[in-house]
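# Fold and contact review
As a plain string of letters, each chain reads:
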Protein chains: 2
Amino acid sequence: MIKIVILGGGNVALHLFSALKSDAGISVVQIYNRSIKKLEHLRNEIALTNNLSELVPADIYIIAVTDDAIAGVANALKDREALVVHTSGSASLEDLKPNKRRGSFYPLQTFSKEKQVDFRTIPICIEAENEADLDLLHRVASAISSQVVPISTQQRQALHVAAVFVNNFTNHLYFVGSEICEQNKLSFDLLKPLIKETAQKLEMLDPFSAQTGPARRHDISTLTRHENQLKQENHKAIYKLLSASITTTYGKKL
Amino acid sequence: MIKIVILGGGNVALHLFSALKSDAGISVVQIYNRSIKKLEHLRNEIALTNNLSELVPADIYIIAVTDDAIAGVANALKDREALVVHTSGSASLEDLKPNKRRGSFYPLQTFSKEKQVDFRTIPICIEAENEADLDLLHRVASAISSQVVPISTQQRQALHVAAVFVNNFTNHLYFVGSEICEQNKLSFDLLKPLIKETAQKLEMLDPFSAQTGPARRHDISTLTRHENQLKQENHKAIYKLLSASITTTYGKKL
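Residues numbered from 1 in each chain as written. Chains lettered and ligands numbered in written order. Predicted model: local features only at pLDDT ≥ 70, side-chain atom pairs only at ≥ 80, totals over all residues. Heavy atoms only, no water.

## Description of the relation of the copies chain A and chain B
Copy one and copy two of the chain differ by a rotation about an axis and a translation along that axis. Here is the rule we go by: Here the copies are matched by least squares. The fit uses the C-alpha atoms of residues with pLDDT of at least 70 in both. Residue contacts are counted whenever heavy atoms from the two residues lie within 4.5 Å of one another.
Each copy superposes on the other: chain A lies on chain B with an RMSD of 0.0 Å after a rotation of 180 degrees and an axial shift of 0.0 Å. On this basis, the relationship between the two copies can be described by a two-fold rotation axis. Ranked by how close their C-alpha atoms come to the rotation axis, the residues of chain A are headed by T170 of chain A, at 2.7 Å. When the interface residues of chain A are mapped onto chain B, 99% of them again lie at the interface, so the same face is used by both copies.

## Digging into the sheet that holds strand β1 (residues 2-7) of chain B
All names here are of chain B. For the record, the criterion: Note on pairing: DSSP must find at least two bridges between two strands before they are called paired. We count a stretch as a helix when DSSP gives it H or I for four or more residues in a row; a strand needs E for two or more, and each element gets its number in order from the N terminus. Lines fitted to the C-alpha atoms define the axes, with helices restricted to the stretch that makes contact. Angles between their N-to-C directions range from 0 to 180 degrees.
Pairing is mixed in the open sheet, where eight strands are placed in the order β3-β2-β1-β4-β5-β6-β7-β8. The open sheet is flanked by β3 (48-49) and β8 (148-150), the only strands paired with a single partner. By the bridge criterion, four bridges tie β1 to strand β4 (residues 60-63) in an arrangement that is parallel. Of the residues in β4, the one forming a bridge with I4 is I60. Here helix α1 (residues 11-20) sits on the sheet in contact with β1, β2 (26-32), β4 and β6 (101-107), set at roughly 160 degrees to β1. Its contacts with the sheet put helix α3 (residues 131-144) on β1, β2, β4, β5 (83-86), β6, β7 (124-128) and β8, and the angle it makes with β7 is roughly 165 degrees.

## Overview of the side chain of N33 of chain B
Residue and element names in this part refer to chain B. Applied cut-off: Each polar contact in these results corresponds to two N or O atoms within 3.5 Å; when the atoms are within protein, one needs to be able to donate a hydrogen and the other to accept it, and residues that are neighboring in sequence are counted only if both atoms are side-chain atoms.
Looking at where N33 falls in the secondary structure, it is placed in the loop between β2 and β3. Only 3.0 Å separates the side chain of N33 from the backbone nitrogen of G9, close enough to count as a polar contact. When neighbours within four sequence positions are excluded, N33 is seen to be in contact with G8, G9, K38, L39, T49 and N50.

## Quick look at the nonpolar core
How we decide: Put simply, a nonpolar core is a bunch of buried Ala, Val, Leu, Ile, Met, Phe, Trp, Tyr and Cys residues held in one set by side-chain atoms that sit within 4.5 Å of each other. For every residue, the accessible area (1.4 Å probe, protein chains only) is compared with the maximum for its type, and the residue is labelled buried under 20%, exposed over 50%, or partly exposed between those bounds.
With 68 residues, the main nonpolar core has L159, F165 and L191 of chain A together with L159, F165 and L191 of chain B as its most contacted residues. Counting residues per element, the ones that place at least two in this core are α4 (153-183), α5 (192-200) and α9 (233-249) of chain A together with α4 (153-183), α5 (192-200) and α9 (233-249) of chain B.

## Regarding the interface of chain A and chain B
Where we set the bar: Accessible surface is computed with a 1.4 Å probe, and the buried area is the amount of it that two parts give up when combined, taken over both parts together. Counted as salt bridges are all cases of a side-chain nitrogen of Lys or Arg within 4 Å of a carboxyl oxygen of Asp or Glu. Note on residue categories: nonpolar means Ala, Val, Leu, Ile, Met, Phe, Trp, Tyr, Cys or Pro, charged means Asp, Glu, Lys or Arg, and polar means any other residue, Gly included.
With 81 residues of chain A at the contact, the number on the chain B side is 80 residues. When the two sides are added together, the surface that chain A and chain B hide from each other amounts to roughly 8100 Å², 69% of it contributed by carbon and sulfur. As a salt-bridge pair, E203 of chain A and K196 of chain B come within 3.1 Å of each other at their nearest N and O atoms. The interface formed by chain A and chain B contains 33 residue pairs in polar contact (both at pLDDT 80 or more). Listing elements by their share of the side of chain A that touches chain B, those giving two or more residues are α4, α5, α6 (207-210), α8 (220-229) and α9 of chain A. When residues of the side of chain A that touches chain B are assigned to their parent elements, the largest contribution, 26 residues, is made by α4 of chain A. Along the lines of polarity and charge, the residues of the side of chain A that touches chain B split into 40 nonpolar, 30 polar and 11 charged.

So this is what it looks like as structure tokens:
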């Protein structure tokens, strides 16, 4: 039985708890959070604490707090023999410095409070400084996910940037789409099937082959007309830059 | 029975044919294409021609060719009494000028040769210059789609630009993600669940509320670190511009 303490009360911590608790080989023994109020609904399921000096013994401490808070929480664990990991995409293992056994446990997904997730489909990237710890993390990750990948810190940080492009920036493009709809008294719902299909297409085609549109076709007259149509400066700037980037990708120039 | 001739042999034309042919109230009587070779596989299903002077009589001629070719094809229909429409997101009805009854029939989706589409989920935007023609288009569109929306030319052109943002540009961000993965010896598959979830989230949250990430949090230190991490100039430029646009959207400045 692998004993785990989760530190944090945000979306990653709570989704992780609900995935881990149902595995027979794993026992989540405690959740720590600065504010315990947020976790009251779990009171009957799991031991809770808001006091870092009251943490119970465990094999792994999973720190799922904001990047800025990692070092502070890790410091309270400095005398433990256990493995200490964080769930951050960008923090280095240096942030866990006082600990002897350090690692990371990075689930590559966006978590919302409102939405259940199927952890089996979420890649978990793991990292540790020795084989035994990597094995331990592998056992835990495999218990909840079907895609477990050992990676380096540099790879994890690269994945985190890539995730910003495909998640944060993509969502902002959806927002621009919704603004254009609103400005033209159109329902944003009209764009939703297209948005879904754009994502689903990757099951069949890599994004290089899937590219379509005026920039891909080097259709200068449509590009110019579109730019003139756009009223907001940031829309225009995004339109120009992304069209130029697509054009260059396919060996042409604007 | 509404008789339809489809003009064009591309993805829109062929997907439209396969959706329309199964409706009892509609009869596709002919497909025209400049090159008939491309359509040989339909030889036993439908009358084919590559000669604009051999078009058979119909109630509606649907021109599903590239924007540049619309006017040429429309010109061959100038003496017909029938309704002539195109499927373009950006062409005006002027391109159908010689015809007396003009309109547009714009399915808002991206079509690939390789992938079947469920037309019922695809919004069809329709436009005509009089009520009777709009009704006729409504009947045809409703036969294959559950979302039919009468719109103006200006609205259609705005939708087309919005579609470039949520489809073409989004796909390019997927491509940037795949480049970052490749440069770091990571499988692009790791990003696919995140990509899917980003699109699916719109079922629950509008894109303004769904926004997350360092730019949204105004987390300057992560933004700076990410920029420094990126090696390719176009990646850096996209990162900066989209982060600035997100930051401004939420009332801050970079």
